Amino acid sequence: MSTSSRYPFTAIVGQDDLRLALLLNAVSPAVGGVLVRGEKGTAKSTAVRALAALLPPVRTVEGCRFSCDPAAPDPGCPDGPHPADGPGGERAARMVELPVGASEDRLVGALDIERALAEGVKAFEPGLLADAHRGILYVDEVNLLHDHLIDLLLDAAAMGASYVEREGVSVRHAARFLLVGTMNPEEGELRPQLLDRFGLTVEVAASREPDQRVEVVRRRLAFEDDPAAFAGRWSGEEAELRARVAAARALLPRVRLGDGALRRIAAVCAAFEVDGMRGDLVMARTSTALAAWAGRTEVAVEDVRRAALLALPHRRRRNPFDAPGLDEEKLDEVLRDAAADGPEDEPPTPPEGQAPEEPDGGDDGPGPDGGGGGQPDPGDGAGDGSGGLPPQRTEDSGAPAPEDAPEALTGAEPGESGGGTPRPAAAEQQAVAAGEPFRTKGLSVPGLGAGAAGRRSRARTEHGRTTGATRPQGALTKLHLTATVRAAAPHQRARGRSGRGLVVRRDDLRQATREGREGNLVLFVVDASGSMAARKRMGAVKGAVLSLLLDAYQRRDKVGLVTFRGRDAEVALPPTSSVDAAAARLQALPTGGRTPLAAGLLKAHDVLRVERLRDATRRPLLVVVTDGRATGGPEPVALAARAARLHAAEATASVVVDCETGPVRLGLAGELARELRGTAVTLDELRAEALTGLVKDVTDHPRARRAA
């Protein structure tokens, strides 16, 4: 992307935390990258793409596809060996984007197995990790990235190198990059291992201030009308900010991290129960980068505080349903206690030729956002605690306003919202808190699927144990070496083989077929009627569903939530990868009214029908949470049975969680499970500590066995 077609970093309005986190990584790549979380349309991708223009140029060995530094070339470079202090060139720092749907070969590089076997040549085509070396690797919607690509990213980020292994042929090259990811939490959370690899995290939201929103639209429209002219108007501010980044990089080695600052960092990480030591290290690096950015040679208390707010929120989550964040009052208290208990550092020493500067910055010249109307406006004023970023127009710094509660959670019957007649108070209870989650029994869909990689049901996948071989359809990706040798062996004399080498042709190559695990669509159908309204009982039910949601998160499933109560059923949450969104909807679920079981099953049938059209390879798992009662309307029990048979006719794997309690039980949930051709389990049996081997496949009717 040319500089003129890229939106200028200094033209971004607001988003102080986002801009500061990116600039700190530009000053000190050792900080470890940034994870940007936030709603749609908040300049996440725009800011990341604009960052590359602020990075200093990179010197590389001429002709090296792996961007080796002429001053210190990689001794193991596939294009090497390179002579020390050999000829080199200079290029701009790269910003490489990793698409969500990228293949493994596109990420790590492609090794031509055919040439390796037939000619003994290591023909390696570098991937995105090689392109990103000494630059930025940007992953938009990083939470939607496939698990096996995440594993490769983790390995490269941890080791600073990428390894490509194909049937005994291996290639290694350096891969040190600044990892930047953006995500919308509504679409699902990241694995804890990948979360921890990001040095900093930032929450972004659109401003609720009308003046600022007007300015955003004005600048964007001006950019779209004439990108080159718009970039030219901001070129002065871009050059100044680029010079400031270079100056901070030069000052960074002289910044002193004193014992007092280290004690504060350790005290903060200990007080917030941060796992491991990576949080301490990232805070230390971020604090020194903040000091260098402010033009100081000593880390101040405010640097430590600011570093904690950027480096720790995503490291405090204890389960997928915890929202990232940090209690600022507690943070201030910990910093005060650490200052009282430990020695103070010496006063900050400004670099030679500069006057002392306050920790929160001062007048730094033109601000990264510039002025209004698409024209630069330097602006001035005192620092605002934004880590040395120049001030901008007043912005609503509060948390984004919560979304309106969906109608499914308000407790109103259909047609009773607004000015309608409210339901009698006795017919509905307020939402009950969920019980404590527990580890559940493993539920899986029978047969062999071919869906997205996950951890629930058996499936044909690109990764897993080898189960056979077949002729490749298209490019060979996973060689079955034994089958290939078997296919080539009978033809060696006819091919004029001489010597020890095996003569292999394309027709001999065999692709390995592998079996692993897939993620499924787990659709919860939850009874929220009056028969479930006993407070203790509903709390236990919510705890069970919450436990199943946690299990779905760990197994990389999509989830959906259908609830039924009163006169109808509603889709409380359409199928999504955001398990924590489902948990939030579940927590707010009230109870009361009749039990339209048939409506709930029919609504679930409609949801699954649409999802099969969207993704035919993702197999569904229907989880019905009910006591089995059906009331309301003519023949409610017969209607529920007919609705259940619709699911059975389509071989939908089903499990009924029986919520009936008490000494006298009607066994209605068991009858529903038989109509679904599924399995019924009680709340107690759902626990992993219950009877061993209770449930492996949740259904095993003849059609499912034939599908296997």
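Cut-offs used in this document
- Residues numbered from 1 in each chain as written.
- Predicted model: local features only at pLDDT ≥ 70, side-chain atom pairs only at ≥ 80, totals over all residues.
- Heavy atoms only, no water.
- Helix = DSSP H or I, 4+ residues; strand = E, 2+ residues; numbered from the N terminus.
- Buried < 20%, exposed > 50% of the residue type's maximum accessible area, 1.4 Å probe, protein only.
- Contact = heavy atoms within 4.5 Å.
- Areas by Shrake-Rupley, 256 points an atom, 1.4 Å probe, with all protein chains shown as cover.
- Phe/Tyr/Trp six-rings, centres within 6.5 Å; stacked < 30°, edge-to-face > 60°.
- Patch = residues over 30% accessible without salt bridge, like charges linked within 9 Å, V, L, I, M, F, W, Y side chains within 5 Å.
- Salt bridge = Lys/Arg side-chain N within 4 Å of Asp/Glu carboxyl O.
- Pairing = 2+ DSSP bridges.
- Axes fitted to C-alpha atoms, helices over the stretch in contact; angles between N-to-C directions.

A look at the overall build of the chain
Line of reasoning, step 1. Helix and strand counts for the chain stand at 21 helices and 22 strands.
Line of reasoning, step 2. Relative to its 708 residues, the chain shows a buried fraction of 50%.
Line of reasoning, step 3. Of the contacts formed within the chain by residues at least 6 apart in sequence, a portion of 79% connects residues at least 24 apart.
Line of reasoning, step 4. When the accessible surface of the chain is totalled, it reaches about 32,000 Å², and 50% of it is carbon and sulfur.

Remarks on unusual backbone geometry
Line of reasoning, step 1. Across the junction of Gly80 and Pro81, the peptide omega takes the value 0°, indicating a cis bond.
Line of reasoning, step 2. If you trace the backbone, Pro81 turns up in the loop between strand 2 (58-61) and strand 3 (88-91).
Line of reasoning, step 3. Positioned with a positive phi, Gln15 is a non-glycine residue whose angle comes to about 55°.
Line of reasoning, step 4. Positionally, Gln15 belongs in the segment before helix 1 (16-27).
Line of reasoning, step 5. Accessibility expressed as a relative area gives 13% for Gln15, which makes it buried.

Topic: the packing of aromatic side chains
Line of reasoning, step 1. One pass over the structure, following the stated rule, counts 5 aromatic pairs.
Line of reasoning, step 2. A centroid spacing of 5.1 Å and a plane angle of 75° characterise the contact between Tyr7 and Phe223, whose relative ring orientation is edge-to-face. Of this pair, Tyr7 sits in the segment before helix 1 while Phe223 sits in helix 8 (residues 210-225); the two residues are 216 residues apart in sequence, bridging distant segments of the chain. Both residues of the pair, Tyr7 and Phe223, belong to the buried class.

Points about a nonpolar patch on the surface
Line of reasoning, step 1. Side chains of Val216, Val217 and Leu221 sit close together on the surface and give an oily, nonpolar patch of about 250 Å² of accessible area.
Line of reasoning, step 2. Relative to the helices and strands, Val217 is located in helix 8.
Line of reasoning, step 3. Taking the relative accessible area as the measure of exposure, Val217 reaches 47% and is therefore partly exposed.

Details of the sheet that holds strand 18 (residues 568-576)
Line of reasoning, step 1. Strand order in the open sheet formed by 6 strands is 18-17-16-20-21-22, with mixed pairing between adjacent strands. The open sheet terminates on both sides in strands that have one partner only, identified here as strand 18 and strand 22 (679-682). Taking the axes of each pair of neighbouring strands and ignoring which way they run, one obtains an average angle of 20° across the sheet.
Line of reasoning, step 2. This element, helix 17 (residues 579-587), spans strand 17 (558-565) and strand 18 of the sheet and lies at about 15° to strand 17.
Line of reasoning, step 3. Running at roughly 30° to strand 18, helix 18 (residues 597-614) makes contact with strand 16 (521-527), strand 17, strand 18 and strand 20 (620-626) of the sheet.

Some remarks on the pattern of salt bridges
Line of reasoning, step 1. In total, this model carries 30 salt bridges according to the counting rule given.
Line of reasoning, step 2. Residues Asp508 and Arg495 are paired through a salt bridge, measuring 2.5 Å at the closest nitrogen-oxygen approach. Separated by 13 residues along the polypeptide, Asp508 in the loop between helix 15 (481-488) and strand 15 (511-518) and Arg495 in the loop between helix 15 and strand 15 bring together distant segments of the chain. Here the two residues Asp508 and Arg495 agree in accessibility, since each one is buried.
Line of reasoning, step 3. For the salt bridge of Glu518 with Arg619, the shortest nitrogen-to-oxygen distance reads 2.7 Å. Note that Glu518 is positioned in strand 15 and Arg619 in the loop between helix 18 and strand 20, a separation of 101 residues in sequence.
Line of reasoning, step 4. A relative accessible area of 0% means that Glu518 is categorised as buried.
Line of reasoning, step 5. Linked through salt bridges whose partners overlap, the residues forming this network are Arg456, Asp551, Arg555 and Asp557.

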